[in-house]
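# Residue-level structural notes
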Amino acid sequence: MITVCIEGIDFSGKSTQCALLEEHLRGTGKKVKVVHFPRYETPVGALIKQWLAGEVDLTDNAAHLLYEADRYDFIKELEEYEKELDYLILDRFTLSNLAYMTGKGIDTQLLADLQKGLTSPDVTFVLDLPLHVYIQRSKDADRLERDFEYTNRVRKAYKLFSNDSTFLLDASKASPEQLNESIVNFIELYVTE
Ligand SMILES: Nc1ncnc2c1ncn2[C@@H]1O[C@H](COP(=O)(O)OP(=O)(O)O)[C@@H](O)[C@H]1O
Ligand SMILES: Cc1cn([C@H]2C[C@H](O)[C@@H](COP(=O)(O)OP(=O)(O)O)O2)c(=O)[nH]c1=O
């Protein structure tokens, strides 16, 4: 099974790219599943959802440890997918936590250590979006996120944590279809089991 992760700030186009990649791979006869993190439908994810909505009071550290707990809880499911699937597409994974914690100015060493026990995606595509496009897209969605400075720090942090299996794509100029084509081409050329 090949694990592909799509990352980036809110409105960068992650869900759109996950859906297009899923459709493409299904069209070529592959067995595919998309999993969005955090998994709001699980007990841990439900707590994260409440924290995001301001309904439970948790320190940032505690909340961000919950995101890792959600992923540890996923290991069992992952073992099943290993047997069943050709491709697993992750809409956010470990890199999100590093980027969002860094955006808050919190030391990520604890998370980085915790993440050693988790699987790493075979390839991660980071959809990079300049702040002005982010502001426009959040306005269009009638959901103007307030903390632009924070979002900009998260955007920069994504670049800080890039490694050999992380690829940055400019998500502001290309159409969803063009971005999908780049992702598909890259996977076909460079990602093998
Ligand atoms: N390449 C693109 N160019 C322009 N708009 C896009 C592009 N990709 C996605 N969008 C639009 O941006 C918004 C956020 O996309 P979405 O896939 O929901 O992002 P995310 O999952 O990262 O929050 C949606 O309105 C979507 O239609
Ligand atoms: C998966 C993950 C998400 N996050 C953050 C990113 C988002 O601000 C928030 C919710 O993620 P998400 O559900 O992707 O946001 P939305 O659907 O509202 O665009 O959680 C982390 O801080 N760490 C993580 O590990």
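In the block above lies the structure referred to throughout.
Report on the accompanying structure. As the structure is a prediction and not an experimental result, all values here were calculated from the model. (Residues numbered from 1 in each chain as written. Chains lettered and ligands numbered in written order. Predicted model: local features only at pLDDT ≥ 70, side-chain atom pairs only at ≥ 80, totals over all residues. Heavy atoms only, no water.)

Take the sheet that holds strand 1 (residues 2-8) next. The pairing of strands in a sheet happens through backbone hydrogen bonds and is either parallel or antiparallel. A sheet is described by the order of its strands in space; here five strands give the open sequence 2-3-1-4-5, paired in parallel fashion. Both edges of this open sheet fall to strand 2 (32-36) and strand 5 (166-170), since each of them pairs with a single strand only. Taking the axes of each pair of neighbouring strands and ignoring which way they run, one obtains an average angle of 20 degrees across the sheet. Bridging between strand 1 and strand 4 (residues 123-128) involves five bridges; their strand directions are parallel. Within strand 4, the position partnered with valine 4 by the bridge is valine 123. The strands that helix 1 (residues 14-27) touches are strand 1, strand 2, strand 3 (87-91) and strand 4; relative to strand 3, the one it contacts most, it runs at about 170 degrees. (Pairing = 2+ DSSP bridges. Helix = DSSP H or I, 4+ residues; strand = E, 2+ residues; numbered from the N terminus. Axes fitted to C-alpha atoms, helices over the stretch in contact; angles between N-to-C directions. Contact = heavy atoms within 4.5 Å.)

This part is about the side chain of glutamine 115. For glutamine 115, the position within the fold is in helix 6 (residues 109-115). Here glutamate 68 takes part through its side chain, which lies 2.7 Å from a polar atom of the side chain of glutamine 115. Dropping the residues within four chain positions of it, glutamine 115 is found in contact with Glu68, Arg71, Thr94, Asn97 and Leu98. (Polar contact = N/O pair within 3.5 Å; in protein donor to acceptor, adjacent residues only side chain to side chain.)

Another point: helix 2 (residues 43-52). Where helix 2 is concerned, the buried positions are Val44, Gly45, Ile48 and Trp51. Axial view of helix 2: buried residues confined to an arc of 115 degrees, hence all on one face. In helix 2, the exposed positions angled more than 90 degrees off the buried face are occupied by Pro43 and Lys49. Buried residues along helix 2 sit against helix 3 (60-73). Remark: glycine 54 follows helix 2 within two positions and exhibits a positive phi of approximately 75 degrees. (Buried < 20%, exposed > 50% of the residue type's maximum accessible area, 1.4 Å probe, protein only. Arc of directions from axis to C-beta.)

A few words on the site of ligand 2. Surrounding ligand 2, one finds 14 residues, the nearest of these being His36, Tyr40, Tyr67, Arg71 and Arg92. For ligand 2, an oxygen atom lies 2.6 Å from a polar atom in the side chain of tyrosine 40. Tyrosine 67 has a polar side-chain atom sitting 2.7 Å from an oxygen atom of ligand 2. Burial of ligand 2 by the surrounding chains reaches 83%, relative to a free accessible area of 550 Å². Secondary structure elements with two or more residues in the shell around ligand 2: helix 3 and helix 5 (94-103). (Near = heavy atom within 4 Å. Areas by Shrake-Rupley, 256 points an atom, 1.4 Å probe, with all protein chains shown as cover.)

Moving on, we come to the packing of aromatic side chains. Per the counting criterion, the structure on display carries 12 aromatic pairs. Summarising the aromatic geometry, the rings of phenylalanine 125 and phenylalanine 186 are spaced 5.6 Å apart at their centres and angled 90 degrees between planes, so their arrangement reads as edge-to-face. With phenylalanine 125 in strand 4 and phenylalanine 186 in helix 9 (residues 176-190), the pair connects residues that are 61 residues apart, well separated along the chain. Given the relative accessible area of 1%, phenylalanine 125 is considered buried. (Phe/Tyr/Trp six-rings, centres within 6.5 Å; stacked < 30°, edge-to-face > 60°.)

Nonpolar side chains in soluble globular proteins generally cluster together in the buried interior. If you look at the biggest cluster of nonpolar residues, it comprises 34 residues, and the most contacted ones within it are Val4, Ile6, Leu21, Phe125, Tyr158 and Ile187. Contributions of two or more residues to this core are made by strand 1, helix 1, strand 3, helix 5, strand 4, helix 7 (131-140), helix 8 (148-160) and helix 9. The leading source of residues in this core is helix 9, at five residues. Apart from the residues lying within four places of it in its own chain, the contact partners of isoleucine 187 are Val4, Leu21, Tyr87 and Phe125. By size, the runner-up hydrophobic cluster in this structure holds 11 residues, among which are Met1, Phe37, Leu88 and Leu90. (Core = buried A, V, L, I, M, F, W, Y, C linked by side-chain atoms within 4.5 Å.)

The subject of this paragraph is the site of ligand 1. In the neighbourhood of ligand 1, 13 residues make up the surrounding shell, with Phe11, Lys14, Ser15, Thr16 and Ala174 lying closest. With respect to ligand 1, the side chain of lysine 14 contributes an N or O atom lying 2.7 Å from an oxygen atom. Contributions of two or more residues to the shell around ligand 1 are made by helix 1 and helix 9. Per-element accounting of the shell around ligand 1 gives the leading share, three residues, to helix 1. Of the residues that constitute the shell around ligand 1, the class distribution is five nonpolar, five polar and three charged. (Nonpolar A, V, L, I, M, F, W, Y, C, P; charged D, E, K, R; others polar.)

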